[in-house]
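Read off the chains here:
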Amino acid sequence: MSGNRTTPLRLGVLASGRGSNLQAIIDAIEAGSLPARIAVVISNKKDAQALERARKHGAPDVFLDPKPFAGRPDGREAYDQAILDVLRRYDVELVLLAGYMKIVTPVLINAYRNRMMNIHPSLLPAFPGLEGQKKALEWGVKIAGCTVHFVTEGVDEGPIIIQAAVAVLDGDTPETLAERILEQEHRIYPRAVQLFAEGRLQVEGRRVRVDDAVLDEARALRNPA
Ligand code: GRF
């Protein structure tokens, strides 16, 4: 996590579907605002749109079929070992889970401790797991949002890097709320990667200290507009 990198940070992205968060990272790289490159995009779904986005950007895309691993007692670990082999082959320094619909095992978590991020569509620790936006509506919260965090053993439980808040409106459906949360996801994920690339993130237990120089902006990102 050096602040004086001379080479772009090598990213490995794990995605299962649409890949709009991957696209936000690609856009930031192409705009020159993120000192990183997509080293590889890996998916457990052959037809994931994320793989198509990688190809369009000129980045390597890898489909890793989970089927041969299913049914083995150590199947999940063996699958993650196969992913790890790909990540290492491409010299990945930071792993991004971006709509990756598999729970990662300690094989990956230990290899990339404090070097693997996830984006989640709720203000964690509220509403971990699936359908965070729907749960927010069901609970009647007034403020929803999204979280970028480091990945640890507990699902959606790792140290929080950035959060963005989104007001819940009376007429919201899970879809309309998800759409507004997604806009914020696309702001904070590239920003979290940038902070990492610049060596401005320090993990202290559950907390992530963000270097003072960017604290003002980080604070703005944590509050509703
Ligand atoms: C996002 O809402 C993200 O927070 C969640 O899964 C969704 C992925 O969307 N983890 P996309 O594939 O990045 O468009």
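All values derive from a computational prediction rather than experimental measurement. (Residues numbered from 1 in each chain as written. Predicted model: local features only at pLDDT ≥ 70, side-chain atom pairs only at ≥ 80, totals over all residues. Heavy atoms only, no water.)

A. Spatial organisation of helix α1 (residues 20-30). For α1, the buried fraction is high: eight of the eleven residues fall into the buried class. For α1, every residue scored as buried is listed here: Ser20, Asn21, Leu22, Ala24, Ile25, Ile26, Ala28 and Ile29. Packing partners of the buried residues in α1 comprise β1 (9-14), β2 (36-43), α2 (49-57), β4 (94-97), β5 (116-120) and α6 (174-197). Directly after α1, the chain includes glycine 32, whose backbone phi takes a positive value near 85°. (Buried < 20%, exposed > 50% of the residue type's maximum accessible area, 1.4 Å probe, protein only. Helix = DSSP H or I, 4+ residues; strand = E, 2+ residues; numbered from the N terminus. Contact = heavy atoms within 4.5 Å.)

B. Structural detail: the nonpolar core. The biggest cluster of nonpolar side chains holds 46 residues, and the ones touching the most others in it are Leu11, Ile38 and Met117. Beyond its immediate stretch of four places on either side in the chain, leucine 11 contacts Ile25, Ile29, Ala36, Arg37, Ile38, Ala39, Val40, Val92, Leu94, Leu96 and Val193. In this structure, Val62, Tyr79, Tyr100 and Leu108 belong to the second largest nonpolar core, which totals 25 residues. (Core = buried A, V, L, I, M, F, W, Y, C linked by side-chain atoms within 4.5 Å.)

C. Focus on the packing of helix α5 (residues 132-139) against α6. Where α5 meets α6, the axes come as close as 9 Å, and the angle between the chain directions of the two elements is 120°. As far as their axial angle goes, α6 and α5 are oblique. With respect to the hand of their crossing, α5 and α6 are arranged in right-handed fashion. When α5 is examined against α6, the residues Gln133, Lys134, Ala136 and Leu137 are found in contact with a partner set consisting of Pro174, Leu177, Ala178 and Ile181. Taken together, the residues of the contact of α5 with α6 break down into six nonpolar, one polar and one charged. (Axes fitted to C-alpha atoms, helices over the stretch in contact; angles between N-to-C directions. Parallel < 35°, antiparallel > 145°, perpendicular 65-115°, else oblique. Left-handed = near helix turned anticlockwise from the far one by under 90°. Nonpolar A, V, L, I, M, F, W, Y, C, P; charged D, E, K, R; others polar.)

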